[in-house]
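# Fold and contact review
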Amino acid sequence: HVSMQASLLCWANISMFILCCDMTHWSAMALTQVSSNKCAGGFQKVYEHDSSELKCKMKFAIYLPPKAETDKCPVFYWLSGLTCTEQNFITKAGSQLAAAEHGIIIVAPDTSPRRTTHTTSSGTL
């Protein structure tokens, strides 16, 4: 049994674009598929995109349960932590079996830009 707070769930259709917000409008950005593997009856995929906000390439993993091929599914976003890549959760948690059973899409982004510096309005970090 998987229980999650309603604030972590939303309904989504899967597409080859990800919506991103730059505080003024929503826009679509192109994705490059890095990998796709059959897993727990669905697919574990990794995509890469250019982040206009972070000024570097970023990746995210997405697990698509079998139900996602024919129906809308709730989406669970897992943010691993500052030093984790998109691989951390998908290789260690074993969540794909439960997600397949309950028809849940899991999105696990790389939470750490792979650059050494980042310029903000108050200076360089």
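Residues numbered from 1 in each chain as written. Predicted model: local features only at pLDDT ≥ 70, side-chain atom pairs only at ≥ 80, totals over all residues. Heavy atoms only, no water.

## Observations regarding the packing of aromatic side chains
Rules: Only the six-membered ring of Trp is used, alongside the rings of Phe and Tyr, when aromatic pairs are assigned; centres must lie within 6.5 Å, and planes under 30 degrees apart are stacked while those over 60 apart are edge-to-face, with the rest tilted. Strands here are runs of E lasting at least two residues and helices are runs of H or I lasting at least four, both read from the DSSP assignment and numbered beginning at the N terminus. Only protein chains enter the accessibility calculation, which uses a 1.4 Å probe; a residue whose area is less than 20% of its type maximum is buried, one above 50% is exposed, and one in between is partly exposed. The criterion for a charge sitting over a ring is simple: Lys NZ or Arg CZ within 6 Å of the ring centre, and within 35 degrees of the ring normal.
One pass over the structure, following the stated rule, counts 3 aromatic pairs. Look at tyrosine 47 and phenylalanine 60: their rings are 5.6 Å apart centre to centre, the planes differ by 25 degrees, and that puts the pair in the stacked class. Of the two residues, tyrosine 47 is situated in strand β5 (residues 42-51) and phenylalanine 60 in strand β6 (residues 56-64); the sequence distance between them amounts to 13 residues. A single burial state applies to tyrosine 47 and to phenylalanine 60, both of which are buried. Cluster of aromatic residues (ring-pair linked, three or more members): Phe76, Trp78 and Phe89. Between the NZ or CZ atom of lysine 45 and the centre of the ring of phenylalanine 43, over which it lies, the distance is 5.4 Å.

## Digging into the pattern of salt bridges
Heads up, the condition is: Any Lys or Arg side-chain nitrogen found within 4 Å of a carboxyl oxygen on Asp or Glu counts as a salt bridge.
Scanning the entire structure with this criterion turns up 1 salt bridge. Between lysine 57 and aspartate 50 there is a salt bridge whose closest N-O contact spans 3.0 Å.

## Side note on the nonpolar core
Here is the rule: Here the nonpolar core consists of buried residues drawn from Ala, Val, Leu, Ile, Met, Phe, Trp, Tyr and Cys, with membership extended through side-chain atoms lying within 4.5 Å. Whether two residues touch is decided by their heavy atoms; if any such pair falls within 4.5 Å, the residues are in contact.
Ranked by size, the top nonpolar core spans 10 residues in total: Val46, Ala61, Tyr63, Phe76, Phe89, Ile90, Ala99, Ile104, Ile106 and Ala108. Those elements that provide at least two residues to this core are β6, α1 (87-92) and β8 (105-109). The contact partners of alanine 61, leaving out residues within four places of it in the chain, are Gln44, Lys45, Val46, Glu86, Ile90, Ile106, Val107 and Ala108. Formed by 9 residues, the second largest nonpolar core is a distinct cluster that contains Leu31, Phe60, Cys73 and Val75.

## Let's talk about the environment of threonine 85
Inclusion rule: Think of a polar contact as two N or O atoms within 3.5 Å of one another; within protein, one of them needs to be a possible hydrogen donor and the other a possible acceptor, and neighboring residues in sequence only count if both atoms come from side chains.
Relative to the helices and strands, threonine 85 is located in the loop between β7 (73-77) and α1. Considered as a pair, threonine 85 and lysine 59 are 26 residues apart in the sequence and their alpha carbons are 8.0 Å apart. A distance of 3.1 Å separates the side chain of threonine 85 from the backbone nitrogen of glutamine 87, its partner in a polar contact.

## What about the pairing of β5?
Test applied: Strands are labelled as partners when DSSP assigns at least two bridges between them.
The buried fraction of β5 is high, at 7 of 10 residues. Hairpin remark: strand β4 (residues 32-39) followed by β5, antiparallel, with 2 residues in the connecting loop; positive phi at alanine 40, about 50 degrees. Alignment of β5 against β6, held across 9 bridges, turns out to be antiparallel. If you follow valine 46 over to β6, its bridge partner there is alanine 61. Connecting β5 to the next strand, β6, in antiparallel fashion are 4 residues, including lysine 55 with a positive phi near 60 degrees.

## Focus on the confidence of the model for the chain
Quick note on the threshold: What pLDDT reports is the predictor's confidence in each residue, on a scale of 0 through 100.
Residue-level pLDDT values for the chain average 75, and 67% of them are 70 or greater. Averaged pLDDT values for the elements of the chain fall to 32 in strand β1 (residues 11-12) and rise to 96 in helix α2 (residues 96-102).

## Some words on the environment of aspartate 50
In this fold, aspartate 50 is placed in strand β5. Linking aspartate 50 and threonine 32, residues 18 residues apart in sequence, is a C-alpha distance of 9.4 Å.

## Concerning the side chain of glutamate 86
Looking at the element boundaries, glutamate 86 is found in the loop between β7 and α1. If sequence neighbours within four positions are ignored, glutamate 86 has contacts with Val46, Lys59, Phe60, Ala61, Ala108, Pro109 and Asp110.

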